[in-house]
Amino acid sequence: MSDQTFWLSIGLLGQTLFSARFLVQWLASERVRQSIVPTAFWWLSLAGGATLLAYAVWRRDPVFIIGQASGLLVYIRNLMLIRQTGRTTALAAGDGSAA
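Source: prediction; values computed, not measured.

Quick notes on the rules
- Residues numbered from 1 in each chain as written.
- Predicted model: local features only at pLDDT ≥ 70, side-chain atom pairs only at ≥ 80, totals over all residues.
- Heavy atoms only, no water.
- Axes fitted to C-alpha atoms, helices over the stretch in contact; angles between N-to-C directions.
- Helix = DSSP H or I, 4+ residues; strand = E, 2+ residues; numbered from the N terminus.
- Parallel < 35°, antiparallel > 145°, perpendicular 65-115°, else oblique.
- Left-handed = near helix turned anticlockwise from the far one by under 90°.
- Nonpolar A, V, L, I, M, F, W, Y, C, P; charged D, E, K, R; others polar.
- Salt bridge = Lys/Arg side-chain N within 4 Å of Asp/Glu carboxyl O.
- Expected span 1.5 Å × (residues − 1).
- Buried < 20%, exposed > 50% of the residue type's maximum accessible area, 1.4 Å probe, protein only.
- Contact = heavy atoms within 4.5 Å.
- Core = buried A, V, L, I, M, F, W, Y, C linked by side-chain atoms within 4.5 Å.
- pLDDT = per-residue confidence, 0-100.

**Looking at the packing of helix 1 (residues 3-32) against helix 2 (residues 39-59)**
Each pair of packed helices gets described by two things: the angle between the helix axes and the distance between those axes.
In step 1: Contact geometry of helix 1 with helix 2 gives a least axis separation of 8 Å together with a crossing angle of 155°. When the interaxial angle is binned, helix 1 and helix 2 end up roughly antiparallel. Judged by the sense of rotation from one axis to the other, the crossing of helix 1 with helix 2 is left-handed.
In step 2: Here the residues of the contact of helix 1 with helix 2 sort into 17 nonpolar, nine polar and two charged.

If you want it as structure tokens, here you go:
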């Protein structure tokens, strides 16, 4: 496999992961009949964004790099907030086993 083909595959994988988050969000919302953003949305955003960032660095595209890198900050922060909220909710319920 050539270097070009390898990185094209990385870029396509990243785009697939990034796009899958919308399918996950739509299905989760349909299940409860209201708009929600499941935790899997943020994990797919992080995985897809990191993979696309690697591809953007390989392409040496500063616009693409800035866009993906700044998005990663948002995805990580949302996952931190979800974790913190889960811990707070579990502790408020008297469950000392919060992760």
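**Examining the pattern of salt bridges**
In step 1: Tallied over the entire structure, the rule returns one salt bridge.
In step 2: With its nearest N and O atoms 3.0 Å apart, the salt bridge here joins Arg-33 to Glu-30.

**Quick look at helix 1**
An α-helical turn contains 3.6 residues, so a residue and the one three or four places further along point in the same direction.
In step 1: Taking 1.5 Å per residue as the helical rise, helix 1 with its 30 residues ought to reach 44 Å, and the 44 Å between its terminal C-alpha atoms agrees with that figure.
In step 2: Of all the residues in helix 1, the buried ones are Trp-7, Ile-10, Gly-11, Gly-14, Phe-18, Arg-21, Gln-25, Ala-28 and Ser-29.
In step 3: Just downstream of helix 1, Arg-33 is the residue with a positive phi angle, here 60°.

**What to know about the side chain of Gln-68**
In step 1: As for its placement among the helices and strands, Gln-68 is situated in helix 3 (residues 62-92).
In step 2: The residues contacting Gln-68, other than those within four sequence positions of it, are Gly-49, Leu-52 and Leu-53.

**Let's talk about unusual backbone geometry**
Leaving glycine aside, a negative phi is the common case for residues, and trans is the common case for peptide bonds.
In step 1: A positive phi angle is found at Arg-33, which is not glycine, with a value near 60°.
In step 2: Here Arg-33 is to be found in the loop between helix 1 and helix 2.
In step 3: With a phi angle near 60°, Arg-60 is a residue other than glycine that sits in the positive phi range.
In step 4: Take Arg-60: it is sitting in the loop between helix 2 and helix 3.
In step 5: Of the residues examined, Arg-60 reaches a relative accessible area of 72% and is grouped as exposed.

**Digging into the nonpolar core**
In step 1: Ranked by size, the top nonpolar core spans nine residues in total: Phe-18, Phe-41, Trp-42, Leu-46, Leu-52, Leu-53, Leu-72, Tyr-75 and Leu-79.
In step 2: Ranked by residue count, the leading element in this core is helix 2, at five residues.
In step 3: In this structure Tyr-75 touches Phe-18, Arg-21, Trp-42, Ser-45 and Leu-46, once residues within four positions along its chain are discounted.

**Focus on the confidence of the model for the protein chain**
If pLDDT is low for a region, its predicted coordinates should not be looked at in detail.
In step 1: Chain-level pLDDT for the protein chain is 88 on average; 87% of the residues reach the 70-or-more range.
In step 2: Between residues 90-99, whose pLDDT stays under 50, and residues either more than four places distant or in other chains, the model counts seven contacts.

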